[in-house]
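Fold and contact review
Each chain, written out:
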Amino acid sequence: MPLALLALAVGAFGIGTTEFVIMGLLPEVAADLGISIPAAGHLVSAYALGVVIGAPLLAAATARMPRRKVLIGLMLLFVAGNALSALAPDEHWLLAARFLSGLPHGAFFGVGAVVATGLVAPERKARSVSLMFLGLTIANVAGVPAATLVGQHFGWRITFLGVSAIGLAAIASLALLLPDDRAQAPSAGLRGELGALRSLPVWLALGTTVAGFGALFSAYSYITPMLTDSAGYAETSVTMLLALFGVGATIGNLAGGRLADHSLRGTLFGGLASLILVLALFPVLMAAQWSAAVAVLLLGVAAFATGSPLQLMVMEKAAAAPSLASSANQAAFNLANAGGAWIGGLALTAGLGTTAPATAGAALALIGLAVAAVSYAVDTRRTPAPSPHRGRVVASHVPGESETVRAGA
């Protein structure tokens, strides 16, 4: 695998860290700015809104630009957003800065996925995407816990300055390691990129992403009460268990990338089926501490095994103009985050039990599997039937030749 993928992974690490670290620092931010914790929670929504809006807009606006320059520009915007977050004097400025920080998120992963697949042989495309996403999963294992610890001991502003430094390191890595693509600048343009979103297979792939990862966030958003109320863990143990989820996500991401290079659709179906099974078993697995830890690990493995296949499938459905569709898939991930958490919350407030969000997640994963099946049926119907003459062997009439040739070859 080319070293340039490391530069993309560094950027993904920084983005993953800033996205999730705010959740662990809400009490510190609220106390410093003199606001309530629910009001500070709007910072999470502001970032997600930036991702959903920025992903398609920035990808479309930069469609004709060399992708190396686009990625560096997106990371500059990321650095600016996090630096402004550290310097924000009040909650309103911090909300704006968090929104700005989220703008480059989706476009970076979307354009980065296109660049990653262009750096490797066709049979390693899914693996290259999984290596870029490796930065995101490692952020959940190491980056977020470390950044949270720094924020709790030295102030949340120091955390965001540190994330800005990671962004600068990503910019240096991209400039040094990523090949210059000015000679092969994408030619689809804005109209070509927008045309990709008129395709039914693209929308079916995006729908699979929303339902599949909505299933994850339906359960994961309420994993703490499940671990403390159902499994009996102390709140101080939750951080280590969330790191265990990150380990599972890393394993699933790498395994999914490798398996998808052999069978993209099979890996997607297998990952969604595994996610349904794990979430359906949550009420049983949360009955004991050891099985609850296993459940958290398996949740990460099953969910992130589908990440690279989904990203690659969207890109293949929009092969003529993949940047916008690939970035739109990142917006779909964040819609899944918000929608899944909302549906899980409905299940929880309905009085169905602490593990009800996981059961709701299993239903969402089942919907995702159904959408993926419809997508497969559409693809099968659109694939032209083989010609009745293709493969017929006839004798060659060229004098002196004894071999046969295929008709139509």
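Values in this document were obtained by computation on a predicted structure and should not be read as measured data. (Residues numbered from 1 in each chain as written. Predicted model: local features only at pLDDT ≥ 70, side-chain atom pairs only at ≥ 80, totals over all residues. Heavy atoms only, no water.)

1. Focus: the overall build of the protein
Rules: Secondary structure counts use DSSP, requiring at least four H or I residues in a row for a helix and at least two E residues in a row for a strand, with both numbered from the N terminus. Exposed residues in this analysis have more than 50% of their type's maximum accessible area, buried residues have under 20%, and partly exposed residues fall in between, with area computed by a 1.4 Å probe over protein chains only. Working rule for contacts: check all heavy atoms of both residues, and any pair within 4.5 Å makes them a contact. The method behind every accessible area is Shrake-Rupley, applied with a 1.4 Å probe, and residues are considered shielded solely by the protein chains displayed.
The secondary structure content of the protein amounts to 18 helices and 2 strands. Per-residue burial for the protein yields a buried fraction of 52% across its 409 residues. Within the protein, contacts between residues at least 6 apart in sequence are counted, and of these 83% link residues at least 24 apart. Element-wise, carbon and sulfur atoms account for 69% of the exposed surface of the protein, whose accessible area totals about 17,600 Å².

2. Focus: helix 11 (residues 223–230)
Of the positions making up helix 11, those classed as buried are Ile223, Met226, Leu227 and Thr228. Gly232, located one to two residues past helix 11, shows a positive phi value of around 85 degrees.

3. Examining helix 6 (residues 91–118)
The test is simple: By definition here, a helix of n residues has an expected span of 1.5 Å times n minus one. Here a polar contact is recorded for every N or O atom pair within 3.5 Å, except that within protein the pair must consist of a potential hydrogen donor and a potential acceptor, and residues adjacent in sequence are included only if both atoms are side-chain atoms.
With 28 residues, helix 6 extends 42 Å between its outermost C-alpha atoms, agreeing within 8% with the 40 Å of an ideal straight helix rising 1.5 Å per residue. Burial analysis of helix 6 places 20 of its 28 residues in the buried class, the great majority of the element. Taking the backbone nitrogen of His92 as reference, a side-chain oxygen 3.0 Å away marks Asp90 as the first, capping residue of helix 6.

4. Observations concerning the packing of helix 10 (residues 200–220) against helix 13 (residues 264–280)
What describes two packed helices is the angle between their axes and the distance between those same axes. Cut-off, in case you're wondering: Convention adopted: a line fitted to C-alpha atoms gives each axis, helices being fitted over their contacting stretch, and angles between N-to-C directions are expressed from 0 to 180 degrees. Throughout, the term roughly parallel applies to angles under 35 degrees, roughly antiparallel to angles over 145, roughly perpendicular to angles from 65 to 115, and oblique to all others. Crossing handedness is read from the near helix: turned anticlockwise from the far helix by less than a right angle, it gives a left-handed crossing, and turned clockwise, a right-handed one.
Packing of helix 10 against helix 13 leaves a shortest axis separation of 11 Å and a crossing angle of 30 degrees. It follows that helix 10 is roughly parallel to helix 13 by the angle criterion. Along this stretch, helix 10 crosses helix 13, giving a crossing that reads as left-handed. Residues Thr208, Gly212, Ala215 and Ala219 of helix 10 form the contact with helix 13, whose own contacting residues are Leu268, Leu272, Leu275 and Leu279.

5. Quick word on the nonpolar core
Applicable threshold: What we call a nonpolar core is a set of buried Ala, Val, Leu, Ile, Met, Phe, Trp, Tyr and Cys residues that are connected through their side-chain atoms within 4.5 Å.
In terms of nonpolar packing, the biggest core is built from 53 residues, with Leu216, Phe282 and Met286 touching the most fellow members. If one sorts the elements of this core by residue count, helix 10 sits on top with 9 residues. Among residues more than four places away in sequence, those in contact with Phe282 are Ile223, Met226, Ala295, Leu299, Thr355 and Ala358. Among the nonpolar cores identified, the runner-up in size contains 35 residues, and Phe20, Phe108, Phe133 and Val163 belong to it.

6. Quick look at a nonpolar patch on the surface
How we decide: Like charges are joined within 9 Å and nonpolar side chains (Val, Leu, Ile, Met, Phe, Trp, Tyr) within 5 Å, but only among residues with over 30% relative accessible area and no salt bridge; these make up the patches. A pairing counts as a salt bridge when a side-chain nitrogen of Lys or Arg comes within 4 Å of a carboxyl oxygen of Asp or Glu.
On the surface, Val150, Phe154, Ile158 and Leu161 cluster together to form a nonpolar patch covering roughly 380 Å² of accessible area. Structurally, the position occupied by Ile158 is in helix 8 (residues 156–177).

7. Here we look at the packing of aromatic side chains
For any pair of aromatic rings, geometry is given as the distance between the ring centres together with the angle between the planes. Put simply, the test is: Note on ring pairs: Phe, Tyr and Trp rings are taken, using the six-membered ring of Trp, and paired if centres are within 6.5 Å. Classes follow the plane angle, with under 30 degrees stacked, over 60 edge-to-face and the rest tilted.
Considering all chains together, one arrives at 8 aromatic pairs under this definition. On the basis of an interplanar angle of 85 degrees and a centroid distance of 5.8 Å, the ring pair of Phe213 and Phe304 is categorised as edge-to-face. Here the residue Phe213 occupies a position in helix 10, and Phe304 occupies one in helix 15 (residues 289–304), the gap between them amounting to 91 residues. Of the two residues, Phe213 and Phe304, neither departs from the other in class, the shared state being buried. On the basis of an interplanar angle of 75 degrees and a centroid distance of 6.2 Å, the ring pair of Phe245 and Phe304 is categorised as edge-to-face. A residue pair is termed long-range when its members are at least 10 positions apart, and Phe245 in helix 12 (residues 238–260) and Phe304 in helix 15 qualify at 59 residues.

8. Structural notes on the pattern of salt bridges
All told, the structure shown has 3 salt bridges when counted by the stated rule. Note that Arg265 and Asp379 form a salt bridge whose closest N and O atoms lie 2.4 Å from each other. Highlighted residues: Arg265 in helix 13 and Asp379 in helix 18 (residues 356–382), separated in sequence by 114 residues. When its relative accessible area of 17% is taken as the criterion, Arg265 is described as buried.

9. Considering the environment of Gly135
Its location among the elements puts Gly135 in helix 7 (residues 125–154). For Gly135, a relative accessible area of 6% corresponds to the buried category. Placed 128 residues apart in sequence, Gly135 and Ala7 show a C-alpha to C-alpha distance of 9.6 Å. Once residues lying within four places of it in the same chain are set aside, the contact partners of Gly135 are Ala9, Ala12 and Phe13.

10. Focus on the side chain of Ser173
Counting through the fold element by element, Ser173 comes out in helix 8. Classification of Ser173 by relative accessible area gives buried; the value is 17%. With sequence-adjacent residues up to four places away left out, Ser173 is seen in contact with Ala7, Val10 and Leu178.

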